[in-house]
Amino acid sequence: MKHQTSSTRFLSLGGLIVQLAITSRLLWPIQSPAADNPTTFPAVNDLPIQTNMPNPLLTADGKTITTPAEWQQHRVAVKQIIEHYALGHMPPPPGNVKGHEVVSRMLADGKTSYRLVHLTFGPEEKLSLDISIFLPAETNGIKAPFPVIVQPSFSAISVNPPLPLTNAAPAKQSASANTPEVAARQYTQALERGYAVVTFYYQDCGRDGGDYRTTGFFPAYPDYDWADLAVWAWGMSRCVDYLETQSFADKSKFIALGHSRLGKATLVAGAFDERFALVAPAGSGCAGTGAYRFNGKARNGREGLNEIVKNFPQWTIPSLVEFSNRVERLPFDQHWLIDLVAPRSFIAADGLDDTAASVNALVQSYLAAKPVYALLGVPDHLGIHFRPGRHTLAPEDWAAILDFADQQLRGLDVKGRFDQLPPQELWH
Ligand code: GCU
């Protein structure tokens, strides 16, 4: 099972899929006249067992999606299912994001310009997020507007004097805070290639711990059942709200990029916010690009659903806990999130020896995501890149993502290929 491709399984198990479709038809009430939007959702025990990757092109009433227009409509139901069982519901865009520049200086001997901008938004403008903006000043002839990478960060950026925290309840302070100078070094490759980078400390949106609902943006939206992956993704979208007002930003080239748990959030941001033209989760593993069905110790994968909901209950909503030891009842898998990005561009960048992310689980998501990109006529908008090495956002990951962005967003000829799978003996 481990080395079988998803497409093979779709073919060989066509009969079973039809069977499941018939079963789902009985179990999945369709009430919306406009689309196949489930307005009620079966309890976990009433969901059909699907050992194979659930077909994203099959509606709840057993119809196969065959046109881009049908897929566009079906996306609504796909999102609703993922929200209901895993991520919860994000508040709508607040519509009132404003930015106030707090610090502005040149870095890297004048090669980079830096701005710290204090965003305010939300009910009564009470929420805030401090974002750091790094702009290329010397770009080998590339001029603004620049493609902009939005990357949530594990570290805060500290300036002097320190900024006061303004969210209703402060999120946890970063264990490590970098100066703008140190932070800029991580972005040298992107900046030299003419990409701007915007970053923020992820826990300013919501604490990465059990009491998350009392922190960050959560208290301002008590009626929403979202959790951390969604709140971090929502923070990325608020950056885009602000960037849309800035002349340095190319509004057709916003890129979502994040590593590890922030790769998981990046996948969510890209799936739910169509303003991201390119989505690049790296090392995101389980609850990221790795298929739940091919993760978990019992499945030869790495960390799986059982471990995620037990060790990090703040990332997803309690409904997902009910799928512990019953992952085959999940009505979706993570390739559905990758498919929500289509027809926009997507690339997953992972290390072959990443102990936090199974190669096979990502390969299976990638293979199972393909039919939607094919249906939309953009098979080359779906990319994957593996490098030797461990759980880190490596320079080689950056290089692959930037090459892919050059190809997809700038129309440049690049040398690399983005459809290369490692030899099967490495699909561990
Ligand atoms: C842990 C966790 C992973 C996560 C990673 C990270 O290893 O198990 O799911 O991706 O932390 O965010 O660094």
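> Sorry if this is basic, but what is going on with the pattern of salt bridges here?
Pairing is possible between side chains of opposite charge, provided their charged atoms come close. Inspection of the entire model under this criterion finds 19 salt bridges. A salt bridge links Asp333 to Arg293; the shortest N-O distance between them is 3.0 Å. Residue Asp333 is found in the loop between helix H9 (318–321) and helix H10 (335–341), and its partner Arg293 is found in the loop between strand E9 (276–282) and helix H8 (305–311); the two are separated by 40 residues along the sequence. On the basis of relative accessibility, which here comes to 0%, the residue Asp333 falls in the buried class. A residue is classified by how much of its surface remains accessible, and Arg293, at 2% relative accessible area, is buried. The partner of Asp397 in a salt bridge is Arg387, with the nearest N and O atoms 2.8 Å apart. A residue pair is termed long-range when its members are at least 10 positions apart, and Asp397 in helix H12 (residues 395–410) and Arg387 in strand E11 (residues 382–387) qualify at ten residues. Each of the two residues, Asp397 as well as Arg387, counts as buried. Via salt bridges that share partners, Arg238, Asp241, Glu244, Asp273 and Arg275 belong to a single interconnected network.

> I tried to follow the packing of aromatic side chains on my own but got confused; where do I start?
The relative placement of two aromatic rings is captured by the distance of their centres and the angle of their planes. For the coordinates displayed, the defined rule picks out 21 aromatic pairs. Between Phe134 and Tyr187 the ring centres are 5.2 Å apart and the planes differ by 55°, which places this aromatic pair in the tilted class. You can see Phe134 sitting in strand E3 (residues 127–136) and its partner Tyr187 sitting in the loop between helix H4 (180–186) and helix H5 (188–192), a full 53 residues away along the chain. Using a relative accessible area of 0% as the deciding quantity, one classes Phe134 as buried. Seen from their ring centres, Phe217 and Trp234 are 5.6 Å apart, and the 65° between their planes marks the pair as edge-to-face. Linking Phe217 in the loop between strand E7 (196–201) and helix H6 (228–243) with Trp234 in helix H6, this pair joins segments that are 17 residues apart in sequence. For the residue pair Phe217 and Trp234, the accessibility class agrees, reading buried in each case.

> How should the nonpolar core be read in this particular structure?
Soluble globular proteins tend to bury their nonpolar side chains together. Core analysis: the biggest nonpolar cluster contains 97 residues, and Ile131, Phe217, Trp232, Phe276, Tyr292, Phe332 and Phe346 have the highest contact counts within it. The greatest single-element share of this core, amounting to eleven residues, is contributed by H6. Counting contributing residues per domain, this core is built from domain 1 (10–87) and domain 2 (98–284 + 338–426), each supplying no fewer than three. Among residues more than four places away in sequence, those in contact with Ile131 are Arg115, Leu116, Val117, Leu119, Val198, Thr199, Phe200, Cys239 and Tyr242. Ala190, Ile255, Ala277 and Ile401 belong to the second largest nonpolar core, which has 30 residues in total.

> Can you walk me through the site of the ligand in this structure?
Near the ligand you find Ser260, Arg261, Lys264, Glu303, Phe312, Trp315 and His391, and these make up its full shell. Contact distances for the ligand include 2.5 Å between an oxygen atom and a side-chain N or O atom of Ser260. In the complex, 77% of the free accessible area of the ligand, which totals 320 Å², lies under the protein chains.

> For this particular structure, what's the right way to read the packing of helix H3 (residues 68–87) against helix H7 (residues 261–272)?
The relative placement of two packed helices is expressed as an angle between their axes plus a distance between the axes. Between H3 and H7, the least distance of the axes is 12 Å, while the angle of their chain directions is 150°. For the crossing formed where H3 meets H7, the hand is left-handed. Along its contact with H3, which presents Arg75, Lys79, Glu83 and Leu87, the element H7 presents Val268, Ala271 and Phe272. Of the residues in the contact of H3 with H7, the class split is four nonpolar, no polar and three charged.

> Could you clarify how one ought to interpret unusual backbone geometry in this entry?
Negative phi values dominate among residues other than glycine, just as trans dominates among peptide bonds. The omega torsion of the bond from Ala144 to Pro145 falls at 5°, within 30 degrees of zero and hence cis. Position of Pro145 among the secondary structure elements: in the loop between E3 and strand E4 (146–153). Geometrically, the link from Ala342 to Pro343 is a cis peptide bond, its omega value of 5° lying close to zero. Secondary-structure assignment places Pro343 in the loop between H10 and strand E10 (345–351). Non-glycine residue Glu124 carries a positive phi angle of around 55°. Along the chain, Glu124 turns up in the loop between strand E2 (112–121) and E3. For Glu124, a relative accessible area of 65% gives the class exposed. In this model, Ala287 sits at a positive phi of 70°, which is unusual for a non-glycine residue. Here Ala287 lies in the loop between E9 and H8. The exposure class of Ala287 is buried, given its relative accessible area of 4%.

Calculation notes
Residues numbered from 1 in each chain as written. Predicted model: local features only at pLDDT ≥ 70, side-chain atom pairs only at ≥ 80, totals over all residues. Heavy atoms only, no water. Salt bridge = Lys/Arg side-chain N within 4 Å of Asp/Glu carboxyl O. Helix = DSSP H or I, 4+ residues; strand = E, 2+ residues; numbered from the N terminus. Buried < 20%, exposed > 50% of the residue type's maximum accessible area, 1.4 Å probe, protein only. Phe/Tyr/Trp six-rings, centres within 6.5 Å; stacked < 30°, edge-to-face > 60°. Core = buried A, V, L, I, M, F, W, Y, C linked by side-chain atoms within 4.5 Å. Domains from an automatic or database assignment. Contact = heavy atoms within 4.5 Å. Near = heavy atom within 4 Å. Polar contact = N/O pair within 3.5 Å; in protein donor to acceptor, adjacent residues only side chain to side chain. Areas by Shrake-Rupley, 256 points an atom, 1.4 Å probe, with all protein chains shown as cover. Axes fitted to C-alpha atoms, helices over the stretch in contact; angles between N-to-C directions. Left-handed = near helix turned anticlockwise from the far one by under 90°. Nonpolar A, V, L, I, M, F, W, Y, C, P; charged D, E, K, R; others polar.

Remember that the coordinates give geometry; whether it matters functionally is a separate question.
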